[in-house]
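Fold and geometry: a report
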Amino acid sequence: MGLLYGEYTCRVDDKGRFQMPTALYQQLADDHRSAFVVARGLDPCLVLYPAPIWEAELQRIYTRSQYHEANRTFARLFQSGAAPVALDGQQRINLPKALQQEAGIVKELVLIGALDRIECWAAERYRSWLDESLRRLPALAEAVMQPEGPAA
């Protein structure tokens, strides 16, 4: 599996389609290039999962006990609204209208390579999030990169 990285701005047409940038497409492993699932993200964006990554995420989620309300609720929220999507012959993906509206995606979106998946942000939302987050970057780096930080 290749690691996905970079930030790419795309136009969204009236039918909700955008063209996958060639530079991002080329980062996808061969078996991750055709079938995807688009779902709500944890942030105010959508996430485009190559189908094998989506299946692995579902396996991780559903190995947790479904007798715990938090596990059931998270699984339900994670999976609800998700939709299979595929690249057409022109490397376009058609976003489901409901998810597109929920994420505020109208004419322009920003795709972010995020390890093994792609975040899909409404351009204005992403710029606002980025402006605020960049101001916090030093504090975030200190919290996350210290040996005793949250990720240790």
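Whatever comes next refers back to the structure up there.
Presented here is a report on the structure given in the accompanying data block. Note that the structure is predicted; figures quoted are calculated from it, not measured.

1. Re the packing of aromatic side chains
One pass over the full model with this rule turns up 7 aromatic pairs. Relative to F78, the ring of W54 lies with its centre 5.0 Å away and its plane at 10°, an arrangement referred to as stacked. Highlighted residues: W54 in helix 2 (residues 51-62) and F78 in helix 3 (residues 69-79), separated in sequence by 24 residues. On the basis of relative accessibility, which here comes to 7%, the residue W54 falls in the buried class.

2. What about the pattern of salt bridges?
Scanning the model with the defined rule gives 10 salt bridges in all. In this structure, R60 and E57 form a salt bridge, with 3.2 Å as the shortest nitrogen-oxygen distance. Of the two residues, R60 and E57 both sit in helix 2, 3 residues apart, roughly one turn of that helix. Residue classification places E57 among the buried positions, given a relative accessible area of 13%. In this structure, E108 engages R127 in a salt bridge whose closest nitrogen and oxygen atoms are separated by 3.2 Å. Of this pair, E108 sits in strand 7 (residues 108-114) while R127 sits in helix 5 (residues 123-135); the two residues are 19 residues apart in sequence, bridging distant segments of the chain. The class of E108 is partly exposed, set by a relative accessible area of 26%.

3. What about the side chain of Q100?
Within the secondary structure layout, Q100 lies in helix 4 (residues 97-102). What Q100 contacts, discounting residues up to four positions off in sequence, is V12, G16, L46, L95, I105 and V106.

4. Some remarks on the nonpolar core
In this structure, F18, M20, L48 and L111 are the most contacted members of the largest nonpolar core, which totals 26 residues. Of all the secondary-structure elements, those providing two or more residues to this core are strand 1 (7-11), helix 1 (22-25), strand 3 (35-40), strand 4 (46-50), strand 5 (83-86), strand 7 and strand 8 (117-122). Examining the composition of this core, we find that 3 residues originate from one element, strand 8, more than from any other. When sequence neighbours within four positions are dropped, the list of residues in contact with F18 reads C10, R11, V12, L48, Q91, R92, I93, L95, L109 and L111.

Reading guide: rules and limits
- Residues numbered from 1 in each chain as written.
- Predicted model: local features only at pLDDT ≥ 70, side-chain atom pairs only at ≥ 80, totals over all residues.
- Heavy atoms only, no water.
- Phe/Tyr/Trp six-rings, centres within 6.5 Å; stacked < 30°, edge-to-face > 60°.
- Helix = DSSP H or I, 4+ residues; strand = E, 2+ residues; numbered from the N terminus.
- Buried < 20%, exposed > 50% of the residue type's maximum accessible area, 1.4 Å probe, protein only.
- Salt bridge = Lys/Arg side-chain N within 4 Å of Asp/Glu carboxyl O.
- Contact = heavy atoms within 4.5 Å.
- Core = buried A, V, L, I, M, F, W, Y, C linked by side-chain atoms within 4.5 Å.

Function cannot be read off these values alone, since they describe shape.
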